[in-house]
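In case you want the letters, here they are:
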Amino acid sequence: MTQIDITHVRNQFPALRDSEALLDNAGGSQVAKPVADRINEFLFSTNVQLGATYAASAAASAKVAEGRAALATLMNADRPEEIVMGATATQLFDQLARALVQKWQPGDEVVVTNFDHEANIGPWRRLADQGIVVKTWELPEGSHRPGPESLAPLLGPRTRLVAMTHCSNIFGSINDVRAVADLVHEKGAMLCVDGVAYAPHRAIDVKALDADFYGFSVYKTYGPHHAALYGKYDLLLNHAGNINHYFYGEDKVPNKLEPGNPNYELAYSCCGVIDYLEGLAAAHGVNAKGRAAVEAAYDIIADHEAVLAERLLSYLRGRDDVTIVGDPSSDRDARVPTVSFVIAGRNSRDVVEAVDPSGIGIRFGDFHSRRLVEALDLGDPDGVIRVSAVHYNTLDEIDRLIERLESLRRQAA
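Sequence order sets the numbering: in each chain, residues are counted from 1 along the sequence as written. Totals for whole chains, interfaces and linings use all residues, but because this is a predicted model, local features are given only for residues with pLDDT of at least 70 and pairs of side-chain atoms are given and counted only at 80 or more. Hydrogens and water molecules were not included; the side-chain quantities draw on all heavy atoms of the structure.

In the nomenclature of an unreviewed UniProt entry, the protein chain is known as Cysteine desulfurase-like protein of Halovulum dunhuangense.

So, in structure tokens, the structure goes:
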């Protein structure tokens, strides 16, 4: 286990220099300094339209291409053309659904869950308006990690796609995507994975997962307000229609799935995420570049995050009035440090608002996983209390939160 150099880490995030403890990172992480540097570089040197023959335009085109390649490195894609860029993962899943349905027929089927963020549910459910049959993969009662055995009965000869999450933004549980992918492919269907809650914590490897499509939000992964969607090149080429201007050919991958243009400076700034991860690896003795640095950095991140999760979960497990919503363990292979819970007799909103004055940012709600929170029937209209740490958080910040929660318990006694 590698001890993280927390001073080095926090120095890369200028927003962390005040005393507020930011433990709402699943909603959006802080931006690493190399990312902001790349944005400024683009805006101050090559802020022109792409595709022209003059020098500044050629340079801008090269920088946007470099940003797409950086996202391919983050996801371990085979080629940059497998990366579709957009503003949010929600937007990109919607664009994918609109592109794929062009190749489907009424009566074809998609399978969505009742335990994911709505971003990877809503776009597929809306295809019912075009005659697509929508089936729901429900979480088995008492479970927080679905397996392929509960999915299998829903798959048939007309199943075209299954949509699922890699990691729950409520439970914090890491799902076995590869096992699901193997089953889905055996049935001749495609798998679309929402990696938004996973990407800040572990290295994405779309090839190891054998995911057909995989999306995540860069703004939750230390980068700009930008998002990326991976698709296997053959599927983007032959199974996805054009949703861009009519004169974009079916062979124009990935641009036929990017209506208008992606944001140029944000695309280029994704290189800064790689810069940051390379610097993190180097600060811990790993002098690597590209994908090797990404994997090394996330290994360091996972170790530190497990320590943070255990500190909080240990405290919560020791309270007989707390129900942990999800995995109560801190196993780095089983969960990320996104921890949800409810306190008996206390409204989630009231608890969070009582924590706010102490300079600790946590949150309450359903976090756009409304179907899951409603199915859990927790008895609180304001959902769960969620603490979502990342690797730049410290044990001291977790201890401050614990101290505040203890203070609230004493006040209520």
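**Section: the overall build of the protein chain**
This is how the line gets drawn: Only DSSP runs of H or I with at least four residues qualify as helices, and only runs of E with at least two residues qualify as strands; both kinds are numbered from the N terminus onward. In this setup the radius of gyration rests on C-alpha atoms only. A globule is expected at 2.2 Å times the number of residues raised to 0.38. Only protein chains enter the accessibility calculation, which uses a 1.4 Å probe. A residue is then buried if its area is under 20% of the maximum for its type, exposed if over 50%, and partly exposed in between.
What the protein chain contains, in helices and strands, is 15 helices and 13 strands. Taking 413 residues into account, the globule formula puts the C-alpha radius of gyration at 22 Å, and the protein chain, at 22 Å, falls close to it. Counting only C-alpha atoms, the protein chain reaches 70 × 50 × 35 Å along its principal axes. Scored against the burial criterion, the 413 residues of the protein chain give a buried share of 57%.

**Details of the nonpolar core**
Let me state the cut-off plainly: Within this scheme, the nonpolar core is defined by two criteria: the residues are buried Ala, Val, Leu, Ile, Met, Phe, Trp, Tyr or Cys, and they are joined through side-chain atoms within 4.5 Å. Residue ranges assigned to the domains are those given by an automatic or database domain assignment. The contact rule is simple, with two residues in contact once any of their heavy atoms fall within 4.5 Å.
Counting 78 residues, the largest nonpolar core has Leu151 and Tyr214 as the members making the most contacts within it. Broken down by element, this core gets its largest block of residues, seven residues, from helix 3 (residues 55-75). Composition of this core by domain shows at least three residues from each of domain 1 (6-31 + 302-412) and domain 2 (35-273). For Leu151, the residues in contact, after removing those within four places along its chain, are Val111, Trp137, Val162, Val180, Leu183 and Val184. Within the second largest apolar cluster, 31 residues are counted, among which are Val101, Trp124, Ala163 and Phe213.

**Looking at helix 4 (residues 89-100)**
Our working rule: Every helix has an expected span of 1.5 Å times one less than the residues it contains.
The terminal C-alpha atoms of helix 4 lie 16 Å apart, and with 12 residues this matches the ideal 16 Å at 1.5 Å per residue to within 8%. Taken as a whole, helix 4 has its buried residues at Ala89, Leu92, Phe93, Gln95, Leu96, Ala97, Ala99 and Leu100. On its buried side, helix 4 packs onto strand 2 (83-86), helix 5 (122-125), strand 5 (159-165), strand 6 (190-194), strand 7 (213-217) and strand 8 (227-231).

**A look at the UniProt feature "domain: Aminotransferase class V" (unreviewed entry) in the protein chain**
To keep it simple, the criterion reads: UniProt positions are given in the numbering used here, feature names are shortened, and annotations may be inferred rather than shown by experiment.
The positions that UniProt labels "domain: Aminotransferase class V" (unreviewed entry) are, in the present scheme, residues 22-401. For residues 22-401, the end-to-end C-alpha separation is 11 Å, with 38% helix and 15% strand making up the annotated structure.

**Some details on the domain arrangement of the protein chain**
We count it as follows: Buried area: the sum, over both parts, of the accessible surface (1.4 Å probe) that disappears when the two are put together. Whenever Lys or Arg places a side-chain nitrogen within 4 Å of a carboxyl oxygen from Asp or Glu, that contact is recorded as a salt bridge.
When its domains are assigned, the protein chain resolves into domain 1 (6-31 + 302-412) and domain 2 (35-273). For domain 1 versus domain 2, the distance between C-alpha centres works out to 28 Å. Facing the 35 residues of domain 1 at the interface are 30 residues of domain 2. Together domain 1 and domain 2 conceal approximately 2400 Å² of surface at their shared face, both sides included; 54% is due to carbon and sulfur atoms. Where Arg371 meets Glu118, a salt bridge forms, and the shortest distance between an N and an O atom there is 2.8 Å. Elements supplying a minimum of two residues to the side of domain 1 that touches domain 2: helix 12 (290-317), strand 10 (338-343), helix 14 (370-376) and strand 13 (384-388). Here the side of domain 1 that touches domain 2 takes five residues from helix 14, the largest share from any one element.

**Focus: the pattern of salt bridges**
Opposite charge on two side chains makes pairing possible when the charged atoms of those side chains draw close. Counting across every chain of the model gives 34 salt bridges. Residues Arg98 and Asp94 are paired through a salt bridge, measuring 3.4 Å at the closest nitrogen-oxygen approach. Highlighted residues: Arg98 and Asp94, both in helix 4, separated by four residues, approximately one helical turn. Judged by relative accessible area, Arg98 falls into the partly exposed class, the value being 36%.

**Comments concerning empty space enclosed by the protein**
This is how the line gets drawn: Here the term cavity refers to a set of points on a 1 Å grid, laid over the protein atoms alone, in which a 1.4 Å probe fits but cannot get out; the term pocket refers to an open set having protein on both sides within 12 Å along at least five of seven lines, with lining residues being those that place an atom within 4 Å of a point. Grid points are joined across faces, edges and corners, and a volume is the space filled by probe spheres set on the points. We call Asp, Glu, Lys and Arg charged. Ala, Val, Leu, Ile, Met, Phe, Trp, Tyr, Cys and Pro are nonpolar, and the rest, Gly among them, are polar.
Throughout the structure, instances matching the rule amount to one cavity of 30 Å³ or more. The calculated volume of the largest cavity comes to roughly 40 Å³. Grouping the amino acids of the lining of the largest cavity by side-chain chemistry returns seven nonpolar, one polar and one charged.

**Regarding the sheet that holds strand 5**
Hydrogen bonds between backbone groups are what pair the strands of a sheet, and the pairing can be parallel or antiparallel. Condition: One bridge is not enough; two strands pair if DSSP finds at least two bridges between them. Between N-to-C directions, angles span 0 to 180 degrees; the directions come from axes that are lines fitted to C-alpha atoms, helices contributing only their stretch in contact.
Strands sit in the order 2-8-7-6-5-3-4 across an open sheet of seven strands; the sheet is mixed. Taken across any chain shown, the strands that pair with only one partner, and hence form the sheet edges, are strand 2 and strand 4 (133-137). Across the sheet, the mean angle from the axis of one strand to that of its neighbour is 20°, orientation sign disregarded. With respect to the sheet, helix 3 is in contact with strand 2, strand 7 and strand 8, its orientation differing from that of strand 2 by roughly 115°.

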